[in-house]
Amino acid sequence: MPRPKKKRRICCSPTSIYFKPRAVPLSNLKISPINMDELEAIKLADFDKLSHEQGASKMKISRATFGRILETARFKVADALLNGKAIEIITINN
């Protein structure tokens, strides 16, 4: 039985939930979903230029977990850019 998922601190609030290639209808595109924790990790590491340790501390998770989240998020963004997919930010209202 896997361990329960630890609650993660998410501070960013996106103004848009979809990003897509120009002049292509969303209905014609494959979608690459990005979770809020992945968006937060990208924001902290790439936009705020924090180290993995600092980013992990802000999200209240381990450095290794932060690294794994960031790796999957960067892969999803790269996949969307290279393969012409839309990016959907999955927001979960608790």
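Heads up: the structure comes first, above all this text.
In this convention, every chain numbers its residues from 1, walking through the sequence in written order. Where local features are concerned, this predicted model is filtered to residues with pLDDT of at least 70; where side-chain atom pairs are given and counted, the filter is 80 or more; whole-chain, interface and lining totals use all residues. Note that the side-chain values use all heavy atoms of the structure and ignore hydrogens as well as water.

Undergrad: Please provide a residue-by-residue account of the overall build of the chain, values included.
TA: In terms of helices and strands, the chain carries three helices and three strands. Runs of E in the DSSP output that reach at least two residues are strands. Runs of H or I that reach at least four are helices, and both are numbered from the N terminus. In the chain, the order of α-helices and β-strands from amino to carboxyl end is β-β-α-α-α-β. Counting only C-alpha atoms, the chain reaches 40 × 30 × 25 Å along its principal axes. Counting every position in the chain, which comprises 94 residues, the buried fraction comes to 31%. Note on definitions: a residue-residue contact is assigned when non-hydrogen atoms from the two residues lie within 4.5 Å. Of all intrachain contacts in the chain linking residues separated by at least 6 positions in sequence, the fraction that spans at least 24 positions is 73%. In the form shown here, the chain has an accessible surface area of approximately 6,900 Å², with 56% of it arising from carbon and sulfur atoms. In this tally Asp and Glu are treated as negative and Lys and Arg as positive; neither His nor the chain ends contributes. Taken as the charge location is NZ of Lys, CZ of Arg, CG of Asp or CD of Glu. Here the chain contributes 18 positive and 9 negative side-chain charges, whose respective centroids are spaced 3 Å apart. Exposure is judged per residue with a 1.4 Å probe applied to protein chains only, and the accessible area is read against the type maximum: over 50% gives exposed, under 20% gives buried, and values in between give partly exposed. In this description, accessible areas are obtained by the Shrake-Rupley approach with a 1.4 Å probe, and a residue is regarded as covered only by the protein chains that are shown.

Undergrad: Give me the lowdown on the environment of Pro-33, citing residues and values where you can.
TA: Turning to its location among the elements, Pro-33 is positioned in strand 2 (residues 31-35). Of the residues examined, Pro-33 reaches a relative accessible area of 38% and is grouped as partly exposed. Contacts of Pro-33, omitting those with residues within four sequence positions, involve Glu-38, Lys-76, Glu-88 and Ile-90.

Undergrad: Explain the pattern of salt bridges to me, and be specific about the residues and the numbers.
TA: Side-chain pairs of opposite charge can arise whenever the charged atoms involved come near each other. For salt bridges, the criterion is a side-chain nitrogen of Lys or Arg within 4 Å of an Asp or Glu carboxyl oxygen. This model, assessed by the stated rule, comprises four salt bridges. In this structure, the salt-bridge partner of Asp-48 is Lys-43, at a minimum N-O distance of 2.7 Å. With a relative accessible area of 32%, Asp-48 lands in the partly exposed category. Classification of Lys-43 as partly exposed rests on a relative accessible area of 28%.

Undergrad: So what's going on with the packing of helix 2 (residues 52-59) against helix 3 (residues 63-83)? Which residues, and what values?
TA: Here an axis means a line fitted to C-alpha atoms, over the contact stretch when the element is a helix, while the angle between two N-to-C directions is reported on a 0 to 180 degree scale. Taken N-terminus to C-terminus, the directions of helix 2 and helix 3 make an angle of 100 degrees; their axes are 8 Å apart at the nearest point. Looking at the two axes, helix 2 sits roughly perpendicular to helix 3. Facing His-52, Glu-53, Gly-55, Ala-56 and Met-59 of helix 2, the residues of helix 3 in contact are Arg-63, Phe-66, Gly-67 and Leu-70. Working definition: roughly parallel below 35 degrees, roughly antiparallel above 145 degrees, roughly perpendicular at 65 to 115 degrees, and oblique for all remaining angles.

Undergrad: Please set out helix 3 residue by residue, giving values where relevant.
TA: Expected helix span is computed as 1.5 Å times (number of residues minus one). Look at helix 3: 30 Å from first C-alpha to last across 21 residues, which is about the 30 Å you get at 1.5 Å a residue. The complete set of buried residues in helix 3 reads Thr-65, Phe-66, Gly-67, Ile-69, Leu-70, Ala-73, Asp-79 and Ala-80. The secondary structure elements touched by the buried residues of helix 3 are strand 2, helix 1 (36-47), helix 2 and strand 3 (86-90).

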